[in-house]
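Fold and geometry: a report
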Amino acid sequence: MTFSGQAPFSVIIPDRPLQGAVVLMHGLNMKPACMLDLASVWLDAGYAVVLGVLRGHGEQSPDSEWAAVTMQDWLEDMAACRREAGRLAAGKPVWLCGFSLGAACGFAEYIVTIENTPRLPGSLPPYAGMILFSPAIRLRPWAHAVRLLFRWPRVRLSSLAGVRYRVHDHTSIAAYRALFGLRACIKARLVWWRRTRGEAVLPPLLIVYDPKDVLTAGRTFGRWLPRKHAALYHRVRANNPWHHLITDRRALGEAAWQELTALIRGMLNPG
């Protein structure tokens, strides 16, 4: 996969009448191409796919970039993807579909900018809906242990992801700090919305999760949402020991994958 110029994404256009566009975003230290099973679901539904590549996750991404990435870098990358999706959709629906880090980054970028909603050329389009896989927002208690290393940014932690999925053989402390920054941003904004009763600011949400996920607690994310915003939940069971990766046929098995994709198509075409 390559960038288009300096853009943090690649674009895939469906071979049928355009129904809208989706920002499809990968997980932490995950090859963006590993999201292509999901991309095919959106393409079959007539959606242009903006396949995001967060900084540090490109095929030729150097270790120096990976060691210095920031939350702001990722928010800027996500905004660029959403802007491109709006351009491609040309007034039709724009969706977010993100996994783990991609879910957290997409959600954070949206709620940070949602109050700036001028309908001007080049402005960011609102999302018609969000589908979040294993969102790295509510984390299991042990996952917070990495914060003890934030004082030592040169430390590198070996990646637990399989070779076919990971970009680097390690995850930088800078990347973990950026992820936890996104999580803190989300928590602060949602707490404020709950206090001010901001019930109508979010689009429809579908959260796909494995209850045995050792890293994230997808179901409990709903406790942070505005009181009258009811998210939909879809429980799956992953075919891997971490129960975190749930974004392709290999991870879920054919039957569960078909059930999930039917649910996504139903959200896109509720009639």
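Residues numbered from 1 in each chain as written. Predicted model: local features only at pLDDT ≥ 70, side-chain atom pairs only at ≥ 80, totals over all residues. Heavy atoms only, no water.

Tracing the sequence through the fold places L51 in strand 3 (residues 47-52). Overall, the relative accessible area of 2% leaves L51 in the buried class. Considered as a pair, L51 and R189 are 138 residues apart in the sequence and their alpha carbons are 27 Å apart. (Helix = DSSP H or I, 4+ residues; strand = E, 2+ residues; numbered from the N terminus. Buried < 20%, exposed > 50% of the residue type's maximum accessible area, 1.4 Å probe, protein only.)

Take the environment of A161 next. Position of A161 among the secondary structure elements: in the loop between strand 6 (156-158) and strand 7 (170-172). For the pair A161 and C105, spaced 56 residues apart in sequence, the C-alpha separation works out to 20 Å.

Let us look at the layout of surface pockets. In this structure, the largest pocket occupies an estimated 970 Å³ of space. Lining the largest pocket are 36 residues, with L28, L160, A161, L215 and H244 sitting closest to its centre. Of all the secondary-structure elements, those providing two or more residues to the lining of the largest pocket are strand 6, helix 5 (173-195) and helix 6 (249-252). Grouping the amino acids of the lining of the largest pocket by side-chain chemistry returns 22 nonpolar, eleven polar and three charged. (1 Å grid on protein atoms, 1.4 Å probe; cavity = no way out; pocket = protein on both sides within 12 Å on 5 of 7 lines; lining within 4 Å. Points joined across faces, edges and corners; volume = space filled by probe spheres on them. Nonpolar A, V, L, I, M, F, W, Y, C, P; charged D, E, K, R; others polar.)

Time to look at the sheet that holds strand 3. The strand order across the open sheet built from seven strands is 1-3-2-4-5-8-9, with neighbouring strands paired in mixed fashion. Where the open sheet ends on each side, the last strands, each with one partner, are strand 1 (9-12) and strand 9 (232-235). Geometrically, the sheet is characterised by an average inter-axis angle of 15 degrees between neighbouring strands, direction not taken into account. Taken together, the five bridges between strand 2 (residues 20-25) and strand 3 define a ladder with parallel strand orientation. Bridge pairing in strand 3 places V22 opposite V49. In this fold helix 1 (residues 36-44) packs onto strand 1, strand 2, strand 3, strand 4 (94-99) and strand 5 (129-133), with an angle of close to 155 degrees to the strand it touches most, strand 3. Against the sheet, helix 4 (residues 101-113) engages strand 2, strand 4, strand 5 and strand 8 (205-209), with an angle of about 140 degrees to strand 4. (Pairing = 2+ DSSP bridges. Axes fitted to C-alpha atoms, helices over the stretch in contact; angles between N-to-C directions. Contact = heavy atoms within 4.5 Å.)

Phi at A90 is positive, roughly 50 degrees, even though this residue is not glycine. Structurally, A90 can be placed in the loop between helix 3 (71-89) and strand 4. A90 gets classed as exposed once you look at its relative accessible area, which sits at 65%. One non-glycine residue, H243, lies in the positive phi region at around 55 degrees.

This paragraph deals with the nonpolar core. In terms of nonpolar packing, the biggest core is built from 54 residues, with W74, F107, I186 and F221 touching the most fellow members. Secondary-structure elements contributing two or more residues to this core are strand 2, strand 3, helix 3, strand 4, helix 4, strand 5, helix 5 and strand 8. Broken down by element, the residue count for this core peaks at eleven residues, all from helix 5. Membership of the second largest hydrophobic core comes to 33 residues, among which are V41, V49, F133 and L260. (Core = buried A, V, L, I, M, F, W, Y, C linked by side-chain atoms within 4.5 Å.)

For the rest of this paragraph, the subject is the confidence of the model for the protein chain. Of the residues in the protein chain, 93% have a pLDDT of 70 or more, and the chain-wide mean is 90. Confidence over residues 1-5 falls short of pLDDT 50; this stretch has twelve contacts with residues more than four positions distant or in other chains. (pLDDT = per-residue confidence, 0-100.)

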